[in-house]
Amino acid sequence: MEAYLDIIVRSSAVYIFMVVALRIFGKKQLSQLNTADVILILLISNAVQNAMVGSDSSLSGGLAAALVLFIINFIFKKLLFKYKKLSNLLQDKPEILIHNGKLEFDTLSRLGITSDELYEAIREHGIERYKDVKLAMLEIDGNISVISGDQNLRQTHHKRRIHKTLRNENL
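Residues numbered from 1 in each chain as written. Predicted model: local features only at pLDDT ≥ 70, side-chain atom pairs only at ≥ 80, totals over all residues. Heavy atoms only, no water.

When you go through the protein residue by residue, the secondary structure sums to eight helices and five strands. Mapped in sequence order, the helices and strands of the protein form the string α-α-α-α-α-β-β-α-α-β-β-β-α. Counting the 171 residues in the protein, one finds 32% classified as buried. Taking as baseline every contact in the protein between residues at least 6 positions apart, the subset at least 24 positions apart corresponds to 59%. Total accessible area on the protein stands at roughly 11,600 Å², and carbon and sulfur atoms take up 62% of it. (Helix = DSSP H or I, 4+ residues; strand = E, 2+ residues; numbered from the N terminus. Buried < 20%, exposed > 50% of the residue type's maximum accessible area, 1.4 Å probe, protein only. Contact = heavy atoms within 4.5 Å. Areas by Shrake-Rupley, 256 points an atom, 1.4 Å probe, with all protein chains shown as cover.)

Here we come to the side chain of Thr107. Mapping Thr107 onto the fold places it in helix H6 (residues 105–111). Given the relative accessible area of 13%, Thr107 is considered buried. In this view, Thr107 contacts Glu95, Ile96 and Leu97; residues no more than four positions away in its chain are not counted.

All right, on to the packing of aromatic side chains then. Across all of its chains, the model carries two aromatic pairs by this definition. Seen from their ring centres, Tyr15 and Phe76 are 5.9 Å apart, and the 75 degrees between their planes marks the pair as edge-to-face. Taken together, the positions of Tyr15 in helix H1 (residues 2–25) and Phe76 in helix H4 (residues 59–82) put the pair 61 residues apart, joining distant regions of the chain. An angle of 50 degrees between the planes, with centres 6.1 Å apart, marks the rings of Tyr119 and Tyr130 as tilted. Taken together, the residues span a long stretch of sequence, with Tyr119 in helix H7 (residues 115–124) and Tyr130 in the loop between H7 and strand S3 (133–138) at a distance of eleven residues. On the basis of relative accessible area, Tyr119 is assigned to the partly exposed category, the value being 30%. (Phe/Tyr/Trp six-rings, centres within 6.5 Å; stacked < 30°, edge-to-face > 60°.)

This next bit is on the confidence of the model for the protein. On average, residues of the protein score 78 in pLDDT, and 80% of them reach the 70 mark or higher. Averaged pLDDT values for the elements of the protein fall to 47 in helix H8 (residues 161–170) and rise to 92 in strand S2 (residues 102–103). Note that pLDDT drops below 50 for residues 158–167; the model gives that stretch 25 contacts with residues more than four away or on any other chain. (pLDDT = per-residue confidence, 0-100.)

So, about H1. Think of an α-helix as turning once every 3.6 residues; residues three or four places apart then point the same way. Helix length check: H1 (24 residues) gives 35 Å between terminal C-alpha atoms against 34 Å at 1.5 Å per residue, within 8%. For H1, the complete set of buried residues consists of Ile7, Ser11, Val14, Tyr15, Val19 and Ala21. (Expected span 1.5 Å × (residues − 1).)

On to the nonpolar core, then. The tendency in soluble globular proteins is for nonpolar side chains to be buried side by side. Judged by nonpolar contacts, the single largest core of 15 residues is most densely connected at Leu97, Ile98, Ile113, Leu118 and Val133. Going through the elements one at a time, strand S1 (95–99), H6, H7, S3 and strand S4 (144–148) are the ones with two or more residues in this core. Core analysis: the next-biggest nonpolar cluster, separate from the first, contains seven residues, Ile7, Val48, Ala64 and Ala65 among them. (Core = buried A, V, L, I, M, F, W, Y, C linked by side-chain atoms within 4.5 Å.)

What follows is the structure, encoded as structure tokens:
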């Protein structure tokens, strides 16, 4: 039983560390992943594996660590929903990138979003020029939402590279 308690404490510590690290390094890291970012995530997962289970490399030890992570994540989401102050502390707010065809250069620079990334998001929504965008926002999950200047206000959602990368790797 003591070994499982150790796994619970270690897994909890790693989870909390990862939440804080993602908060510090920003939401852009969540969805706008390039090759180096994917490699970083893979290396981090490998690096923290031993920190969570210690010397226990058994199936039950791994399952215990996974179960702890699922439970902590469930509780964490409930707490964020219930306590707005905690949510505000740990989660970013949506950011306006383009408003009525005008680029928000200060916001783009602060978030580290390049013009190529922004134009890619716009093109994927079938829009040729940023001046035709009514609103483009970096959402709290790291995705870019674009609303065109059409009369119908067509809203689409931009999925970033990670989804393409994962889909291509599974083929």
